[in-house]
Amino acid sequence: MRDLIVTENITLDGVIDASEGWFSVADDEEADQSDLVGALREQSAAADAVLFGRATFEDMRGYWPNQTGDTSGVSDYLNKVAKYVVSGTLRDPRWENSTVLSGDLSEEIRALKGRPGRDIVTTGSITLVHGLMAAGLVDEYRLFVYPVVLGHGARLFTDNAGTHKLRMVEARPFRNGVVLLRYRTT
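Quick look at the structure, then. (Residues numbered from 1 in each chain as written. Predicted model: local features only at pLDDT ≥ 70, side-chain atom pairs only at ≥ 80, totals over all residues. Heavy atoms only, no water.)

The next point concerns the overall build of the protein chain. In terms of regular secondary structure, the protein chain is built from five helices and eight strands. Listed by position from the N terminus, the elements making up the protein chain come as β-α-β-α-α-β-β-α-β-α-β-β-β. The C-alpha atoms of the protein chain give a radius of gyration of 16 Å, which matches the 16 Å a tight globule of 186 residues would have. Seen through its C-alpha atoms, the protein chain measures out along the principal axes to roughly 40 × 40 × 30 Å. A total of 186 residues make up the protein chain; the buried ones form 39% of that total. Each charge sign in the protein chain was given a centre, from 20 positive and 27 negative side chains, and these centres are 7 Å apart. (Helix = DSSP H or I, 4+ residues; strand = E, 2+ residues; numbered from the N terminus. Rg over C-alpha atoms; globule rule 2.2 N^0.38 Å. Buried < 20%, exposed > 50% of the residue type's maximum accessible area, 1.4 Å probe, protein only. Lys, Arg positive; Asp, Glu negative; His and termini not counted. Charge placed at Lys NZ, Arg CZ, Asp CG, Glu CD.)

Printed below as a string of structure tokens:
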């Protein structure tokens, strides 16, 4: 069975809402991020599917296909990888290699995890991620923790998220101060 990986860029205080500009794509030439870009490429190589909620999918679809100067490899990866968007309203995804999942969330994701392949990664998509967590479908969390404290904003783990017992499998610091924390569900 394939693993479902939640990958999020997150602040020290658990905020994943990047609308205030604390997060930038890992091809910023002002800081040496080659080690961070390398980690992103490792994760891309391990995954052959990306799962999005509708809003995040539409944001990604509106941005990444138009990035001709992207040196991080994210644009090429997203344009080629199998993409799944969970939506009850979207009919035509209008992005190559995209499939709309409109049935029961648990059934759709269990079926996707049961197909042959590598990891399935979801990023952003907080409403979807909260649903995946509540349904017990997440196998691993990969948190890119940025040295920022916001004090407000959408959080990965909310007050009503319940208890999640996790096992750390990796802690990797990068030169720009970001730390990757990987946790497996138990």
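Counting through the fold element by element, S98 comes out in strand β4 (residues 98–101). As for S98 and L51, which are separated by 47 residues in sequence, their C-alpha atoms are 9.7 Å apart. If we skip the residues at most four places from it in the chain, S98 touches F57, K83 and P93. Looking at S98, its side chain comes within polar contact range of the main-chain oxygen of W95, at 2.8 Å. (Contact = heavy atoms within 4.5 Å. Polar contact = N/O pair within 3.5 Å; in protein donor to acceptor, adjacent residues only side chain to side chain.)

Further remarks concern the sheet that holds strand β1 (residues 4–11). Strand order in the open sheet formed by eight strands is β4-β3-β2-β5-β1-β6-β8-β7, with mixed pairing between adjacent strands. Edge positions in the sheet fall to β4 and β7 (166–173), since each has one partner strand and no second. Adjacent strand axes in the sheet meet at a mean angle of 25°, parallel and antiparallel pairs treated alike. With four bridges connecting them, strand β2 (residues 47–53) and strand β5 (residues 119–123) associate as parallel partners. (Pairing = 2+ DSSP bridges. Axes fitted to C-alpha atoms, helices over the stretch in contact; angles between N-to-C directions.)

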